[in-house]
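# Reading the structure
Residue-level listing of the chains:
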Amino acid sequence: MASVKCPKCSNLISGVQAGQSVKCPKCSYVMKLSAPSNVQASSGAPIAQNKKKSGGAPLATWKLVSGILDMVLFLVVVF
């Protein structure tokens, strides 16, 4: 296990392994470690930061619409 110092905010992140993608809990800077796990790494190469997931919004919209329709149909059946 190695300790990594965030190049953006200088926060020390411990318990990471070589080849692992690490996200700083303080500033959300994402880096990929390339040093061997027995050597203390000082920084990693940045990778895609703030990568947004595509395809999440239609599912959330469908859940909202189906929930509203479910409530309306429930009221129609009750009355």
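Predicted, not measured: the structure shown is a model, and the values here were computed from it.

A surface patch of nonpolar side chains, about 500 Å² in accessible area, is lined by Leu64, Ile68, Met71, Val72 and Val76. Note on placement: isoleucine 68 falls in helix H1 (residues 56-78).

This part is about the pairing of strand E1 (residues 2-5). Pairing of E1 with strand E2 (residues 12-16), which is carried by four bridges, proceeds in the antiparallel orientation. Bridge pairing links serine 3 to serine 14 in E2. Here E1 folds back onto E2, and the loop between the two strands holds six residues, one of which, serine 10, carries a positive phi near 65°.

Moving on: the environment of lysine 23. Along the chain, lysine 23 falls in strand E3 (residues 21-23). The spacing of lysine 23 and cysteine 6 is 17 residues in sequence and 9.0 Å in space, taken between C-alpha atoms. Residues in contact with lysine 23, not counting those within four places in the same chain, are Ser28, Tyr29 and Val30.

Our focus in this paragraph is the state of the cysteines. What makes a disulfide is a covalent bond joining the sulfur atoms belonging to two cysteines. In this structure the tally under the stated criterion is zero disulfides. No disulfide involves cysteine 9; its sulfur sits 3.6 Å from the nearest other cysteine sulfur, which is in cysteine 24. A relative accessible area of 1% means that cysteine 24 is categorised as buried.

Conventions we followed
Residues numbered from 1 in each chain as written. Predicted model: local features only at pLDDT ≥ 70, side-chain atom pairs only at ≥ 80, totals over all residues. Heavy atoms only, no water. Patch = residues over 30% accessible without salt bridge, like charges linked within 9 Å, V, L, I, M, F, W, Y side chains within 5 Å. Areas by Shrake-Rupley, 256 points an atom, 1.4 Å probe, with all protein chains shown as cover. Salt bridge = Lys/Arg side-chain N within 4 Å of Asp/Glu carboxyl O. Helix = DSSP H or I, 4+ residues; strand = E, 2+ residues; numbered from the N terminus. Pairing = 2+ DSSP bridges. Contact = heavy atoms within 4.5 Å. Disulfide = S-S within 2.5 Å. Buried < 20%, exposed > 50% of the residue type's maximum accessible area, 1.4 Å probe, protein only.

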